[in-house]
Amino acid sequence: MISQQSAKHIENQWLALEIGNSRLHWALFMGESLEFTWDTEYLPESVIQQLGNGETKLEVGSEEKEIFFTFFPLPPAPCPLPLFIASVVPQQTVLWENYLNVRVITLDQIPLNNIYPTLGIDRALALWGAGMSWGFPVLVIDAGTALTFTAADGGKNLVGGAILPGVGLQFASLGQQTGQLPQVEMEAIKSLPPRFALNTTEAIQSGVIYTLIAGMRDFTEEWLSLFPDGKVAIKGGDRILLLNYLQALYPDLAARLIVEPNLIFWGMQTIVAGVA
Ligand SMILES: Nc1ncnc2c1ncn2[C@@H]1O[C@H](COP(=O)(O)OP(=O)(O)OP(=O)(O)O)[C@@H](O)[C@H]1O
Ligand SMILES: CC(C)(CO)[C@@H](O)C(=O)NCCC(=O)O
Ligand SMILES: [K+]
């Protein structure tokens, strides 16, 4: 038997899914409160279909598995939980089309001014989430698959931004598109590499890391000269790595950064509260 209170809890629950270019980012909300976040790989189509039907068991060969325990760090939910999706990967978005209780968040739902039509929903939501949590003007640095800068002024107008390959993509493209360069793994970089390197691996590390940090410093300083009271927030899978290097090289600048992995979820929360 489910008690009144836990029944009410379940009623309030919803899932937020951010479909990124490398993986999925999940959050479980209880009303407006963010309970829990986790990341997964992209899910198999069969699993998505079953989740969307409210099925909780998955046949793997002759075995039956709990979908939730297998793919999520959560106990099974009784029904398909309401699901809100923000996606920058259209081929992944369509896989969730048949989920019983799904809403895809689109740019027109975000109350920022001056948005251009092809702006990534992740950038818009992170910017909105940062502004709503820490105030405008705000610059968001997203250190994900792509590294992006996205800024809004005090009137919630998109000022604009920039897009470049993220840390992993820079290493991968050098490793894959050249005849002699090795694939450098991020885990191999423990501390700042020597600036002028005398071996190939460290030369790649130096080139990628020092120019990324210089770029982050340059965009941030430019932002702060335009908006001296502006906030700067950083998110994304490589945020800690880059923040550590920024800290080592430019501690004063690093100290100004708000580090918040969940900016997109905060953005989604305010949008969902408005439309749900
Ligand atoms: N467990 C992990 N799996 C994959 N990438 C990871 C992991 N931990 C850290 N990263 C780093 O995160 C980066 C990707 O960032 P993130 O997960 O924020 O991107 P994403 O899912 O592609 O989202 P976006 O499309 O918004 O960039 C990679 O460059 C990688 O170095
Ligand atoms: C830049 C990425 C890949 C970052 O995830 C995403 O926001 C996107 O696909 N944006 C569309 C282009 C734009 O934002 O101008
Ligand atoms: K593409």
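Residues numbered from 1 in each chain as written. Chains lettered and ligands numbered in written order. Predicted model: local features only at pLDDT ≥ 70, side-chain atom pairs only at ≥ 80, totals over all residues. Heavy atoms only, no water.

Before going further, it helps to examine the overall build of the protein. The number of helices and strands found in the protein is 10 helices and 12 strands. Taking 2.2 N^0.38 as the reference for a compact globule, 276 residues should give roughly 19 Å; the C-alpha atoms of the protein span a radius of gyration of 21 Å, in line with that estimate. C-alpha atoms of the protein, sized along the principal axes, occupy 65 × 50 × 35 Å. Sequence-distant contacts, at least 24 apart, represent 52% of the contacts inside the protein between residues at least 6 apart. (Helix = DSSP H or I, 4+ residues; strand = E, 2+ residues; numbered from the N terminus. Rg over C-alpha atoms; globule rule 2.2 N^0.38 Å. Contact = heavy atoms within 4.5 Å.)

With that out of the way, let us pick up the site of ligand 2. All residues adjacent to ligand 2 are Asn 21, Val 88, Tyr 116, Thr 118, Leu 119, Gly 120, Asp 122, Arg 123, Thr 148 and Ile 163. The contact in question runs from an oxygen atom of ligand 2 to an N or O atom on the side chain of Tyr 116, over 2.4 Å. In this structure, an oxygen atom belonging to ligand 2 sits 2.8 Å away from a side-chain N or O atom of Arg 123. Of the residues belonging to the shell around ligand 2, the class tally is four nonpolar, four polar and two charged. (Near = heavy atom within 4 Å. Polar contact = N/O pair within 3.5 Å; in protein donor to acceptor, adjacent residues only side chain to side chain. Nonpolar A, V, L, I, M, F, W, Y, C, P; charged D, E, K, R; others polar.)

All right, on to the sheet that holds strand β2 (residues 24-30) then. Reading across the sheet, the five strands line up as β3-β2-β1-β6-β7 and stay open at both edges, with mixed pairing between neighbours. Sheet topology places β3 (33-40) and β7 (102-104) at the edges, where each strand pairs with a single neighbour. For this sheet, the mean angle separating the axes of adjacent strands, direction not counted, is 20 degrees. (Pairing = 2+ DSSP bridges. Axes fitted to C-alpha atoms, helices over the stretch in contact; angles between N-to-C directions.)

What follows deals with the pairing of strand β10 (residues 158-165). Sheet topology note: the strand β9 (residues 146-152)/β10 ladder contains seven bridges and is antiparallel. When the sheet's bridge partners are listed, Phe 149 is paired in β10 with Ala 162.

With that settled, consider the UniProt feature "binding site: substrate" in the protein. With numbering matched to this structure, UniProt assigns "binding site: substrate" to Tyr 116, Gly 120, Ile 121, Asp 122, Arg 123 and Thr 200. In sequence the annotated residues extend across 85 residues, and in space they extend as well, their farthest C-alpha pair lying 41.1 Å apart. Positionally, Ile 121 belongs in helix α5 (residues 121-134). Given the relative accessible area of 7%, Ile 121 is considered buried. With residues up to four places along the chain from it excluded, the contact list for Ile 121 reads Ala 86, Ser 87, Val 88, Ile 105, Thr 106, Leu 107 and Ile 110. Mapped onto the secondary structure, Thr 200 falls in helix α7 (residues 200-226). Among residues more than four places away in sequence, those in contact with Thr 200 are Leu 181 and Pro 182. (UniProt positions renumbered as here; feature names shortened; annotations may be inferred. Buried < 20%, exposed > 50% of the residue type's maximum accessible area, 1.4 Å probe, protein only.)

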